[in-house]
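# Observations on the model geometry
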Amino acid sequence: MNEKELKERLAHLERENKILRSASKQWSQLQQLYKKSQKKLKAAEAITHSIIHSSPIGISITKSKGVCEYVNPAFCRMIDYKEDELLNKNILDFLADRDNGDACDYFTEFAGDQENSSIEALFSNKNGDILHFFVVSTMIVNENSEKRKVNFFVDMTERNRLMEQLTLAKDKAIKANEAKSTFLANMSHELRGPMGGIIGAAQVLKDTELTEDQYEFVDILNTSAFRLLGVINDILDFSKIEAGKIELEDRPMRIDAVIENIADLLAIKANKKGLDLFTFIDHNIPDRLIGDPMRLHQIILNFTNNALKFTKKGEVVISAQLAARENNRVKVLFKIKDTGIGISEEEKNNLFRNFSQVDSSTMRKYGETALGMFISKRLSEQMGGNVFVESKEGVGSVLGFTVWLKQDSDPDLNNQELSDTLPSLHVLIVDDNQSNQKIFGKYLHYWNCSSEYADTPLKGLKMLRAASALNKKYDIVLVDFQMPEMDGMQFAKTVKSDPAIQHNKLILLSSRTDLLKKDVVEKAGFSAYLNKPVKISQLKEAVQKTLDKTKHIKNQAITEERKTVHNNGIKRNILFAENNKINQIVGLIAFNKLGYQADLAENGQEVLEKMKQKKYDIIFMDVQMPEMDGIEATVQIRKSELNDRHIPIVAMTANAMKEDRDDCLAAGMDAFLSKPFKPDDLKKVISDLLSK
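Residues numbered from 1 in each chain as written. Predicted model: local features only at pLDDT ≥ 70, side-chain atom pairs only at ≥ 80, totals over all residues. Heavy atoms only, no water.

On to the overall build of the protein. Helices and strands together make up the secondary structure of the protein, namely 22 helices and 22 strands. Considering the protein as a whole, with its 692 residues, one finds that 43% of them fall into the buried category. Put simply, the protein shows about 38,200 Å² of open surface, and 51% of that area lies on carbon and sulfur atoms. (Helix = DSSP H or I, 4+ residues; strand = E, 2+ residues; numbered from the N terminus. Buried < 20%, exposed > 50% of the residue type's maximum accessible area, 1.4 Å probe, protein only. Areas by Shrake-Rupley, 256 points an atom, 1.4 Å probe, with all protein chains shown as cover.)

Shown next, in the form of C-alpha cells:
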C-alpha cells in the first residue's frame, strides 16, 4: 500500500470514527430521553390510576364476553361487592334482568370501530336490591392489539325513585282535580236546579192576582233567590278558579253595550238609595272587540255593586278608557268611582285576597262581596290585566282593573255611526251634578258640538234669556228633572211661557223611579225624554230626532210590542223534555206565557217516541234525565236526520261548566240555556232558532 492510499485509508477511518462518536452521543441522549419518558409515563399512569381509583363514578374494564378485568372502588360501593368478588367474574352475572338481550349484547359484543355508546340497565347488589344504572362505554386496544371495554356507571336509582313518586303524585293530583271537577258539576246541578224551580215559580206567581202584602212577599222571595243564586255562582266560580277550570271565551263584543247593560240592571237600585249612576265610555275604544263579555260583565257588576253598597249619598260612575294599543290588541282601563265611606289601608290590603285568607271582620263588613272581589281579581289577571284600589276614608273610592282585548278584524259597519259627528251644535246642559255635566260635555265634544253648563234652573233661564237678547240661540237644552229651586217640569213650563225663549228645544233627563208619563212630559214642552243613566247611543238619537222634529215613539213602540202575542200568532210545535216535577210546571207555564203550548217528555226515550208521533219545530232538552239523558237522545236524533230536516235542540241544564256547554254542542245541540233562566232568555232562543 503506497503512502497515498494509506493517507486516504486513515482519513476514511477518521470520518467513520466521528460518525461513531456522534452516534454514540445520540444513543446516550436517546437513553436519557427514554428514561425521562418512562418516568413521565409512569407518573401519567399513576395519575390516571389515581383519578380512576378515586372517581365517584363507577368504572369497570371488561375483556371479551364481559369478563371484569378491573373495577374501581366506586363501582364496588355501588354494587355492594368487594373487588375480589368482581374481578374475573362476568359482568352479566350481576344483571338483574338476564333476559334483557339488549343489555347482554351491550356488555359482551365488541364492535371494531365502535366509539362511545350508552345504555340503561338494571343490576342487583349483594342484598338483591335492584339498581338502575346509566352506563356509558368506550372501546380501547392495548399493545397486544387486544380489545377492552371501559364502562362508566352512574347510579340513577334514587333519581328514578323520586321521579316515580313525582309521577304518582302528579297522577293523584290529576285524579283529585278530576274529582273536584266532577264534584263542581254535580254541585252546580244540585244547587242551581232547585234554584231554577224557586225563581221560576216566584216569577210566575208575580204575574198572578196578588194582594199588596202577597206581592211584597213574592218580591222578597224572588230577590232573595237571585241573591242566593249569585252567591252560589260565586262559590262555583271560586271552586273553578282553584281547580284551574276557568276558561275564557273569545266573542265579538262592545264595551259600551256591556257597561250600559249593567247600568240598566242597577239603575233602580241606585235610584232607590238616592244615588246618581253614570257611565262614560272613551270614544277612542274600538267599536268592536274580541273577548269574554260575560266575565267582563261579572267584574264590572261586582265592583259596581260594591260601590252602591257602601255609598249612602252622592254618585257612582262607571268608566272605560283606552289605556294602550299593541298590534291588534288594546288595553282597556275600567274604573268604578263612588262617593262612599272609603276604604282604610288595612282593608285595601285585604280586599282582593283569597276568600279563605279574609278575616272575620272583613267578612262581616263585605259579606259575599269579598268572594266576588277575589274572583274579579283572578278574572282580570286571566285577561292579562290587574286590579287596583284608590281610596280615602270618608271621601270615596275608585275600584279599577285592566284587561287586554283583541280588535275585531271584521267590525260591523253599522256600529260606527256613534263616532259620526253631528252638525256643529251649541248645547246648554242644565244639571246640578258636575259629573253629569262633564260626561255629556265630553260626548258632545266627540260629535263636534260645543256645550255650556248651568248648575241651577234659574241660572239656565238667565243664560237662555241672555242668548236671546244677543240674537243667539242654543240648538238643544238638556234638562235634569230633579234640581233645587225648581224641577225640570217647572223649568220647561217657564221656558215655554216666555216668548223670548220658548223656541228652545228641550230634552228631559230623569231617573227610572220618577215614573213620568210620556204625554205629561210632551205637554210640558219636551221634545224627548231619556232615563238616567243615559246611554251614548240614546243621547245621540234623541238629539237627532229633536233636530228633525220627529216624534220620539220608541217607548210607544215597546208598549205596543208588549201587547202583541209573543209568538206573532204562529203555531209552533214545542217538545219540552224535563224530569223534575217542579221544573216541568214552571217550564210549561213559561211557554204558555210566551203564547206557546208545549208537549212534555220525562226522559230521552220519551222524546224519541213522541217524535215518531208528531213533527216538532224545536226541542228543549234537559241534559240529566233517567233512562236516556239529553246528550244520548240528541245523538240518536241527529243520526236519524241524515236525510231529513234539522230540528233545533236547546240544551237545558243546571251544570254551568264550559265543558258541559261544549259537550252539548258536540252532541249536536244548537243552543244552551243555563238553569235557572229567565223568560226573556227563553223568548230570545226561540226567536233566534225559529227565525233561521
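Counting buried residues along strand β12 (residues 396–407), 10 of its 12 residues qualify, which places the element largely inside the surrounding structure. When strand β10 (residues 329–338) meets β12, the two strands line up antiparallel, connected through 10 bridges. From the neighbouring strand, Ile 336 faces β12, where its bridge partner is Leu 399. Both strand β11 (residues 387–392) and β12 contribute to a ladder of 6 bridges, which runs antiparallel. Across the sheet, the residue bridging to Val 387 is Phe 401, located in β12. Joining the antiparallel neighbours β11 and β12 is a turn of 3 residues, in which Gly 394 adopts a positive phi near 85°. (Pairing = 2+ DSSP bridges.)

The next subject is the sheet that holds strand β17 (residues 526–532). Ordered in space as β14-β13-β15-β16-β17, the 5 strands form an open sheet in which the pairing is parallel. Strand pairing shows two members of the sheet lacking a second neighbour, β14 (450–454) and β17, which therefore form its edges. Adjacent strand axes in the sheet meet at a mean angle of 20° when their direction is disregarded. Relative to strand β16 (residues 506–511), strand β15 (residues 476–480) runs parallel, the two sharing 4 bridges. Paired with Val 479 across the bridge in β16 is Leu 508. (Axes fitted to C-alpha atoms, helices over the stretch in contact; angles between N-to-C directions.)

Locating Ile 119 in the fold gives a position in strand β3 (residues 117–124). For Ile 119 and Ala 103, which are 16 residues apart along the polypeptide, the C-alpha to C-alpha distance reads 7.5 Å. Aside from chain neighbours lying at most four places away, what touches Ile 119 is Asp 102, Ala 103, Tyr 106, Phe 133, Phe 134 and Val 135. (Contact = heavy atoms within 4.5 Å.)

A few words now on helix α4 (residues 101–108). For α4, the set of buried residues is Ala 103, Cys 104, Tyr 106 and Phe 107. Each buried residue of α4 lies within a common arc of 160° when the element is viewed along its axis, so the set occupies one face. Against the buried residues of α4 lie β1 (58–62), β3, β4 (130–141) and β5 (147–155). For α4, the capping residue at the N-terminal end is Asn 100, with a side-chain oxygen 3.2 Å from the backbone nitrogen of Asp 102. (Arc of directions from axis to C-beta. Polar contact = N/O pair within 3.5 Å; in protein donor to acceptor, adjacent residues only side chain to side chain.)

This part is about helix α13 (residues 457–469). For α13, spanning 13 residues, the distance from its first C-alpha to its last is 18 Å, which sits close to the expected 18 Å at 1.5 Å a residue. Residues of α13 that are buried: Pro 457, Gly 460, Leu 461, Met 463, Leu 464 and Ala 467. Here the buried residues of α13 occupy an arc of 160° about the axis, which is enough to place them on one side. Of the exposed residues in α13, the ones pointing more than 90 degrees away from its buried face are Lys 462 and Ala 469. Of the surrounding elements, those touching the buried residues of α13 are β13 (426–430), β14, β15 and α14 (488–496). Two residues or fewer past α13, Asn 471 is found with a positive phi of approximately 60°. (Expected span 1.5 Å × (residues − 1).)

Turning our attention to the nonpolar core. One finds Ile 255, Ile 300 and Phe 334 to be the most contacted residues of the largest nonpolar core, which totals 67 residues. For this core, the leading source of residues is helix α7 (residues 255–272), giving 7 residues. Not counting the four nearest positions on each side in its chain, Ile 255 is found in contact with Ile 285, Leu 289, Leu 296, Ala 320, Phe 334 and Leu 405. Counting residues in hydrophobic clusters, the runner-up holds 24 residues, among them Val 430, Leu 508, Ala 524 and Phe 526. (Core = buried A, V, L, I, M, F, W, Y, C linked by side-chain atoms within 4.5 Å.)

This part is about unusual backbone geometry. One can expect most non-glycine residues to show negative phi and most peptide bonds to be in trans. Residue Pro 533 is bonded to the preceding Lys 532 through a cis peptide linkage, with omega at 0°. Look at Asp 80: it is not a glycine, yet its phi comes out positive at around 65°. Secondary-structure assignment places Asp 80 in the loop between α2 (73–79) and α3 (83–86). A positive phi angle is found at Glu 485, which is not glycine, with a value near 75°. For Glu 485, a relative accessible area of 54% gives the class exposed.

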